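If you want the building blocks of each chain, they are given just below.
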Amino acid sequence: MRARLFPALLALLVLTGCAAAPAVPPQQQYQATFLTLFDTVTTIVGYADTEEDFQAQAQQIHDDLLEYHQLFDIYNEYGDLSNLKTVNDHAGIAPVAVDQRIIALLLDCKAYHELTGGAVNVGMGSVLSLWHTARTEGRDAPDRAKLPNDEALHTAQEHSCFDAVVIDEEKSTVFLRDPQQRLDVGAVAKGWSVERVCRAAPEGLLVSVGGNVCATGPKPTGNDWVIGIQSPDDVSSYLHTLNIKDGCVVTSGDYQRYYVVDGKPYHHIIDPQSGYPAARWRAVTVVGSDSGLADCLSTALFILPQEEGQQLLDRTGAVALWVTHDGTILYSPGFEHLIRT
């Protein structure tokens, strides 16, 4: 799929800064948008001498992200590719030989599970599957929307132990010992994939995949990128804009993927302890140096009390912003230094 290219400005989450620039910019700014990756909108912004040069860069990033998308997909098959759907389909049956990138992701997921005390658990796919089905059916037929069966949720929680995920690095295999367990890496896959792709990308690009934004370095002019944090109440407006030279900005919120049952919205970020959508915050934004870790942290901080979330930030060097249900904005130490407006 070829990118659609646009000169000048990127609206939505990524904003063009107004800081001083050279009188004659050496390169033109371009934008590419894709709709085929991780079930969300992907936008790439960068500078190049020609559209053709930028198109080549954007297409390479798209193609690299597409490989990760297919490897981590739990719903679709892609020819002879062994992906996470293959692993899930063989739960309790046999180990599955997989690409080393799946092994690397799951090893990091194991570390994320330990770091967050289980708040981020990619082994709870059976629970998330029940919510995914209910959300899909509820959005397709709002008048018949309903919650997952409570007994089924509790049963699924019993098959969510990450210790049952056997990762053999030497053989490059993954095996789910519990035949009723399923993997779902949706809490970290986008950020983790963006991080790996951006490490190999040229400097001076901005890559946005849904709520995951990563800068590979400042603009060629030396100026910072300006990143907007969407308001949970009005996605056309911003709580703040941030000055970012490199690193990533990741947001988790209750307004992104949800459906409504009896007038109450139910979003997609599920608390492993309750089996229901976490209800502590409206949104959390994390700024850090690693997009995969930031993706993990934004999910964990959305689920945990602020004090426990701050402990995770202190351990990882990231900073964060929380939005309460009454619209109050809370900041971790260091976050406010990034605020432009």
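Just so it is clear, the structure is predicted and the values come from calculations on it, not from any experiment.

J.: Report on the environment of Val 249, specifying residues and quantitative values.
T.: Mapped onto the elements of the fold, Val 249 is located in strand β12 (residues 247-253). In this structure Val 249 comes out as buried when scored by relative accessible area, which is 4%. Sequence separation between Val 249 and Gln 157 is 92 residues; the distance between their C-alpha atoms is 31 Å. Apart from the residues lying within four places of it in its own chain, the contact partners of Val 249 are Gly 211, Asn 212, Val 213, Ile 227, Leu 242, Ile 244, Thr 285, Val 286 and Val 287.

J.: Residues and numbers for the packing of aromatic side chains, please.
T.: Evaluation of the coordinates by the stated rule reveals ten aromatic pairs. Ring centres 6.0 Å apart and planes at 75° place the aromatic pair Tyr 68 and Trp 192 in the edge-to-face group. With Tyr 68 in helix α1 (residues 51-71) and Trp 192 in helix α6 (residues 189-200), this residue pair connects regions lying 124 residues apart in the sequence. Geometrically, the ring pair formed by Tyr 331 and Phe 335 is tilted, given 6.0 Å between the ring centres and 35° between the ring planes. Among the residues examined, Tyr 331 registers a relative accessible area of 25% and is labelled partly exposed. Through successive ring pairs, a cluster of aromatic residues spans Trp 131, Tyr 259, Tyr 266 and Tyr 276.

J.: Lay out a negative patch on the surface in plain terms, naming residues and giving numbers.
T.: A cluster of acidic side chains, namely Asp 49, Glu 51, Glu 52 and Asp 53, defines a negative patch on the protein surface. Here Glu 52 shows up in helix α1. Its relative accessible area of 56% is what places Glu 52 among the exposed residues.

J.: Could you give an account of the packing of α6 against helix α7 (residues 291-303), with specific residues and numbers?
T.: Two numbers describe how α6 lies on α7: the axes approach to 6 Å, and their chain directions differ by 165°. In terms of their interaxial angle, α6 and α7 are classed as roughly antiparallel. Crossing hand, α6 versus α7: right-handed. Residue-level contacts link Ala 189, Lys 190, Gly 191, Trp 192, Val 194 and Glu 195 of α6 to Ser 291, Gly 292 and Asp 295 of α7. Of the residues that constitute the contact of α6 with α7, the class distribution is three nonpolar, three polar and three charged.

J.: Now, about the packing of α7 against helix α8 (residues 306-316): what can you tell me, with residues and values included?
T.: At a minimum axis separation of 9 Å, α7 and α8 run at an interaxial angle of 165°. Here α7 lies roughly antiparallel to α8, going by the angle between them. The two elements α7 and α8 meet at a crossing, and its hand is right-handed. Here Leu 293, Leu 297, Ala 300 and Leu 301 of α7 come into contact with α8, specifically with Gly 309, Leu 312, Leu 313 and Thr 316. In the contact of α7 with α8, the residues fall into six nonpolar, two polar and no charged.

J.: Go over the pairing of β12 with me, naming the residues and quoting the values.
T.: When you tally the buried positions in β12, you get seven out of seven residues, the bulk of the element. Here β12 shows a buried face lined by Gly 247, Val 249, Thr 251 and Gly 253 and a second buried face lined by Cys 248, Val 250 and Ser 252. Of the pairings in the sheet, the one linking strand β9 (residues 212-215) to β12 comprises four bridges and is antiparallel in character. Following the sheet pairing, Ala 215 is matched in β12 by Gly 247. Note that β12 and strand β15 (residues 283-288) share six bridges and pair antiparallel. Each residue of the ladder has a partner; that of Ser 252, found in β15, is Val 284.

J.: For the environment of Ile 270, give the residues involved together with the corresponding values.
T.: Here Ile 270 shows up in the loop between β14 (264-267) and β15. Judged by its relative accessible area of 6%, Ile 270 falls in the buried class. Expressed as a C-alpha distance, the spacing of Ile 270 and Lys 110, which sit 160 residues apart in the sequence, is 18 Å. Sequence-distant contacts of Ile 270, that is, excluding residues within four places in its chain, are made with Met 124, Val 127, Leu 128, Trp 131, Gly 275, Tyr 276, Pro 277, Ala 278 and Ile 303.

Thresholds applied
- Residues numbered from 1 in each chain as written.
- Predicted model: local features only at pLDDT ≥ 70, side-chain atom pairs only at ≥ 80, totals over all residues.
- Heavy atoms only, no water.
- Helix = DSSP H or I, 4+ residues; strand = E, 2+ residues; numbered from the N terminus.
- Buried < 20%, exposed > 50% of the residue type's maximum accessible area, 1.4 Å probe, protein only.
- Contact = heavy atoms within 4.5 Å.
- Phe/Tyr/Trp six-rings, centres within 6.5 Å; stacked < 30°, edge-to-face > 60°.
- Patch = residues over 30% accessible without salt bridge, like charges linked within 9 Å, V, L, I, M, F, W, Y side chains within 5 Å.
- Areas by Shrake-Rupley, 256 points an atom, 1.4 Å probe, with all protein chains shown as cover.
- Salt bridge = Lys/Arg side-chain N within 4 Å of Asp/Glu carboxyl O.
- Lys, Arg positive; Asp, Glu negative; His and termini not counted.
- Charge placed at Lys NZ, Arg CZ, Asp CG, Glu CD.
- Axes fitted to C-alpha atoms, helices over the stretch in contact; angles between N-to-C directions.
- Parallel < 35°, antiparallel > 145°, perpendicular 65-115°, else oblique.
- Left-handed = near helix turned anticlockwise from the far one by under 90°.
- Nonpolar A, V, L, I, M, F, W, Y, C, P; charged D, E, K, R; others polar.
- Pairing = 2+ DSSP bridges.

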